[in-house]
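Here's the letter readout for the chains.
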Amino acid sequence: MQNTTRQIQTDVLVIGGGATGLGTVRDLAMRGIRTVLVEKGDLTHGTTGRYHGLLHSGGRYVVKDPQSATECAEENAILRRIMPQYIEDTSGFFVITPWDDPDYGDRFLKACHDTRVPVQEISVEEALRREPVLNPKISRVFEVPDGSADSFMSAYGIARSATQYGASILNYHFVTDLVREGDRIVAAIVEDLRTGEHKRIEATYILNTAGAWAGKIAQLADLRVNVMPGKGTMIAMNHRMVNTVINRCKLPADGDILVPIHTVSVIGTTDIHVLDPDVYGIEPDEVTFLMEEGEKMIPGFTRYRALRAWAGVRPLYREESSAVSDRDVSRAYKLLDHRKRDGVDGFISIVGGKWTTYRLMAEEIVDIVAARLGVSTPCRTAQEVIPGGEESKLYWLGHNLAHVEADDSYGDLLCECELVTRKQVVQAIRGGAANLDDVRRETRLGMGPCQGGFCTYRAAALWGEVKPDAVPTNAKNNGKLAQDGAGMPGTALVRHFLQERWKGLTSIMWGDQLRQARLDQLIYVDTLGIDLLPEHIRPPQPENELVTGHPAIATEYHHD
Amino acid sequence: MTYIIPTDHIELSLEQSLDHCIKCNICTSACPVSAVTDKFPGPKYVGPQAQRFRQPRQPTPDESVDYCSGCRVCNQVCPTGVRIAELNGRARAKIVQQKGLPLRNRILGHADILGMLGSGPLAPLANTMLSLAPVRYLTEQVMGIARHAPLPAFSTYTFRSWFKRRARKQGRPSILSNRKVVYFHGCATNYYEPWVGKAAVEVLEHNGFEVILAEQNCCGLPLLSNGAFSQAHNYHQGNLRKLVPYVKQGIPVVGTSTSCTLTLKEEAPELLGLHDADVNLLAEHTYDIFEFLRIEHAHGRLRTDFKPLDRTLPYHAPVSCGRTASGDLRSMCWNWCPVCT
Amino acid sequence: MTERAIVVGAGLAGLMGALALTEAGCRPLVLAKGLGITHWVGGTLDVLGTTGNQSLRVALDDLIANNPDHPYAKLGISEIEAGIARFRAVMQQAHYPYAGSLERNMILPTALGALRPTAYAPITMVAGDMRQGGELLIAGFHELRDFYPPLAAANLREQGVAVRNVYLELPPSAKRLDYSTRTFAFFFDDPDFRQAIGRQLREVRGKATRIGLPAVLGLRDPVEAVADLQRLTGAQIFEIPTLPPSIPGMRLMNIFRRTIEAAGGRVQIGSTVHRAGGNADRLTHLYSEAAAHDQEHRVAVALLATGGIAGGGIGTDYTGRVWDSALDLPLHAPAGREGWFASRFLHREGHPIFAAGVATDDQLRPLDSAGNLVYENVAVAGMALAGSDPVQERSVTGLTVTTGWHAGNLLARAMQAHLETSN
């Protein structure tokens, strides 16, 4: 292997810094097993950071996927206990609208009982009292313990805890190869995207928790893992129109769920099979469809402000190629022991599943590895609380505002929309963020209505003051945002972050959000003149190389 | 006391108006309160921004919104139409719901009761008392009213008593006409500045209107401003009972206090989430006196036999003018009134 | 009810239009939903963003010759000059003069350290012109979250400018928690504050001959504030515009409002025009939103200066519909949302939707899609016009000021003609 300058030895290497990988590495470390995790981007940069934030009660799967429903119900209760600081107890309604089969209600109720998903029918009046903007024409309402979860913050919390137990977590480390010796995978070659350095990580076991990318990883070992990346598009609406998760009471379909999380409500999702988890875009008709489905749950929905749209790829798994649509592929997870399955030892994959079951998936895969390594320490992740929260207190929406009020720190807010203080941004920059998008995942910087209109400039300026010599990098281009030695990290940071924000905006920009974009343009182009600054960055991708049927609409991802 | 705001449909939803905020800070740069105190982080912060962090079923996370004076300058300058002052009003009501109304606001919220106690023959005594340093010191200590803040002086007679006395003297209304208006005097005119009401009656009668002194309540604005929504709701219901029968006979309600008429027209219905037929009827048929005269003038019915005044008068446009269809006094009459050209 | 000259919008186009109408004796009423563009831009008068040695006048000639639908082409160079001249005269009278020329753009540093071309700037900014030599010092305050000397200086250095940066110490004040650009403008209105800052600047000045500060040097008399600081430091002082709300823009708003109202016009902020009525070729009524009932206005002539998408004059929705929110005039806009944006925020050509607006004849009167006149007594000015994206061209303030002035004059003539015929 070229440039292999360093060797790392460990017991278990975990590939993928999403919820499952992080849960796995923490579980391993808690059982005293030496472990390293590699992630090609920033933590949660894949599907974990791109989902609607629903903590499933299981209700969604009771009819179609009963096993998954029960797993969700059990994990829901556990996660509320072990990571309350990241979970909001929103509760959830399953509502029968005039567009839904009225007979499904009884089936739903029975299936909930069968799968042990707690449920209670409530009156329409009661539901409307609690959620006044809900469609008054709904006929039945069932309440379940849905919640919403912060997949970013929880990932950082899990990672911190894992590190405290001795795990080593390396982000911006891209797996370029898996080394196979005979019928055993013995090492991975990884590239540190920030330095260009290659490292050989030798491990007794390598765990493939790369989610939608698990197929790509397995391929490096000449193994076939049939992951069907299922693209789901979501739209965050500007504020909490509801404070309860709203599900349509019917078989799971597109655009039938509205999740209140943090300051927004997320409507989701679509489900479109894509060939490559790195190549997809948001189509205009997906957005139109979601907006109009929203209208069925909330009359007037299309006149509320859409904040941003994005898509994530579900790591759906099916054993053999078949003709079923993505929607019909089980949401349950699947553990693939390649020793039994393919006769290759030292490598285990886990695919499928959902955020809500990340801990269970981790427990299962670690149980197998521990047994093979002769470690008998039992799993404690269902009992041991992830540190960082106040005494078993669930997250509440007003938390940040109350905090800023108590500190009188409103003059110190860099991101006014999401109440991110100077101190938090400095901490994230010092903590190793590679660019402002990383700062965003840790702090919510730029995630509010103005989408970075004011805070991008402020945070970029602060970066230069905190870390004047650090050159910001960008995982997607496998390269740096600014040339080495170029003294303009601020400009590169601003350009990169505004472009990252722009990608999520083009498909939903109309009304207030279009007006906002024009103001943001007045600020950055007219007043600050960013377009007049020499670029000092790699030439951008050619304009027309977009991954969408509609070339004029920007996509979530460009070709790398 | 809990006042539950009825369901807002999107067209009427104050909360939804926060969606229009583009964070440009124009409101904050116009706010008279944040100009003078750090304790108020400004209308954008406490309004559309903080609103995204408030959840009706959770405890209220912020109290700095209580420094909002409700002057509505922010609404006026906002280029996107966010109902900032109203968002703040509702947020304050929630604080009051949770923590109760402070003594000062409980007292100052009842302009009618205060007026009733202080005005009349004993007004000189009340005014003298309230000008004494020890009394002001005590009111500051007990009620939190700054001892140097100027207080309005009670009148020795009320507007209503003047009107009734006059009617008794004249035996019957001084003018009988098929053109009638109900005069909404409000608390300030009744208890503090009755001469404003006298002038209004004179102008209206000069233009051939019979002025009716209907029973009426305080408009409820002081209570709304202090977040006491239940009591404000009672006041508004009272005004509906007392005034709607006139409106149904085709008699408009005309007021001289822009903030009172604005409360009847818009503030009370919006903040309290009231949108039924009677509420709308009263709102549509209530006029600020300048708005009313302007419409009379538009129809060629206003008597413009003005005498020029040979002096310069200072004029402070009430902020609430911005929301009434007259605009402020100057833009109402500048092209025909010889006084203020 | 008397027919009036109504101006819809209180941005630079509306205010210049109102000024023209006022000066012609038409006593216009300006109705605006709120404040806007003045508070969002830096307050320089940008005619066109040429750089290098190209003459601005030549560039304008080229633009006019090659783009007959461009608003500037409808004005012609002499009307452009007339608008600029009137704008400068008003500012001069208000003791806030603008310097510059149509020959060469001056190059002013931005808060990001970019070198930005502009034709005219308030004299509080012109000492920043990069065509002059000498060492620069950029100074600011930690307390102001909207201006960062190190960032501006780093980028300027990268472009070969000799520059240092410094954070100044804020003298004790009643404000301790929250500082906006307005807070600082209030500070700088106070001569004692200027003394304290001037003394600090003198100490750290070193070899610098010019000192750049955020554009917050007072609302009352910024020219005096700059002069004061120059006396105290011995260096030239210049302001650098930064994030909204813009203090230089507030100064413009105050000056315009005073000038218009003193001459008999009226500016009514907080009145959204949302409905119009007319007959075959004339606009006769406008309605502005107010509590419980709309305010009705009879129209002699009307100027639509609602600012396009930024100003809120152009509404859009998820179906791709684009409309004029005040008069419901036909708009020229790309069909379908698919065609609204380029894939990159900083695309060189800008985004097609931002050039949406009302198409007009050469009298700036609105046309429908077939090219027929909609109302003969309405003119359109500023960002509400189709045919250009002023942000992309760097002509936001120049285009709004000059089209506003021109439209106001055309309407004044139309109004006089109308009143003569109707009498």
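Residues numbered from 1 in each chain as written. Chains lettered and ligands numbered in written order. Predicted model: local features only at pLDDT ≥ 70, side-chain atom pairs only at ≥ 80, totals over all residues. Heavy atoms only, no water.

A few points about the overall build of chain A
Part 1: When helices and strands are counted, chain A shows 15 helices and 24 strands.
Part 2: The proportion of buried residues among the 560 residues of chain A is 69%.
Part 3: Long-range pairs, those at least 24 residues apart, make up 73% of the contacts in chain A with a sequence separation of at least 6.
Part 4: As displayed, chain A has an accessible area near 18200 Å², and 50% of this comes from carbon and sulfur atoms. (Helix = DSSP H or I, 4+ residues; strand = E, 2+ residues; numbered from the N terminus. Buried < 20%, exposed > 50% of the residue type's maximum accessible area, 1.4 Å probe, protein only. Contact = heavy atoms within 4.5 Å. Areas by Shrake-Rupley, 256 points an atom, 1.4 Å probe, with all protein chains shown as cover.)

Re the side chain of Asn 217 of chain B
All names here are of chain B.
Part 1: Mapping Asn 217 onto the fold places it in the loop between strand E2 (210-212) and helix H12 (221-225).
Part 2: A polar atom in the side chain of Asn 217 sits 3.1 Å from the backbone oxygen of Tyr 235.
Part 3: Aside from chain neighbours lying at most four places away, what touches Asn 217 is Phe 184, Asn 234, Tyr 235, Gly 238, Asn 239 and Lys 242. (Polar contact = N/O pair within 3.5 Å; in protein donor to acceptor, adjacent residues only side chain to side chain.)

Quick look at the nonpolar core
Part 1: With 244 residues, the main nonpolar core has Leu 178, Ile 235, Ile 298 and Tyr 457 of chain A as its most contacted residues.
Part 2: Sequence-distant contacts of Tyr 457 of chain A, that is, excluding residues within four places in its chain, are made with Tyr 524 and Leu 528 of chain A together with Ala 111, Leu 112, Asp 146, Phe 147, Tyr 148, Leu 151, Thr 242 and Leu 243 of chain C.
Part 3: Counting 47 residues, the second largest nonpolar core, distinct from the first, contains Leu 14, Cys 74, Leu 87 and Val 96 of chain B. (Core = buried A, V, L, I, M, F, W, Y, C linked by side-chain atoms within 4.5 Å.)

Let's talk about unusual backbone geometry
Trans peptide bonds make up the majority, and among non-glycine residues the majority have a negative phi.
Part 1: For the bond from Gly 268 of chain A to Thr 269 of chain A, the omega torsion is -25 degrees, close enough to zero to count as cis.
Part 2: In this fold, Thr 269 of chain A is placed in the loop between strand E16 (264-268) and strand E17 (272-273).
Part 3: Cis peptide bonds are those with omega within 30 degrees of zero, and the linkage from Pro 244 of chain C to Pro 245 of chain C qualifies with 0 degrees.
Part 4: Relative to the elements of secondary structure, Pro 245 of chain C occurs in the loop between strand E10 (236-240) and helix H8 (247-262).
Part 5: Phi at Asp 222 of chain A is positive, roughly 60 degrees, even though this residue is not glycine.
Part 6: Its location among the elements puts Asp 222 of chain A in the loop between helix H6 (214-220) and strand E13 (227-237).
Part 7: Given the relative accessible area of 67%, Asp 222 of chain A is considered exposed.

Focus: the sheet that holds strand E4 (residues 286-288) of chain B
Residue and element names in this part refer to chain B.
Part 1: Strand order in the open sheet made by the 4 strands is E2-E1-E3-E4, with parallel pairing throughout. Since the sheet does not close on itself, it has two edges, and those belong to E2 and E4, each with one partner. With strand direction ignored, the average angle separating the axes of adjacent strands in the sheet is 35 degrees.
Part 2: With 3 bridges joining them, strand E1 (residues 180-184) and strand E3 (residues 253-255) adopt parallel strand pairing. Note that in E3 the partner of Val 182 across the bridge is Val 253.
Part 3: Along the sheet face, helix H11 (residues 194-206) touches E1 and E2 and points at about 170 degrees away from the line of E1. (Pairing = 2+ DSSP bridges. Axes fitted to C-alpha atoms, helices over the stretch in contact; angles between N-to-C directions.)

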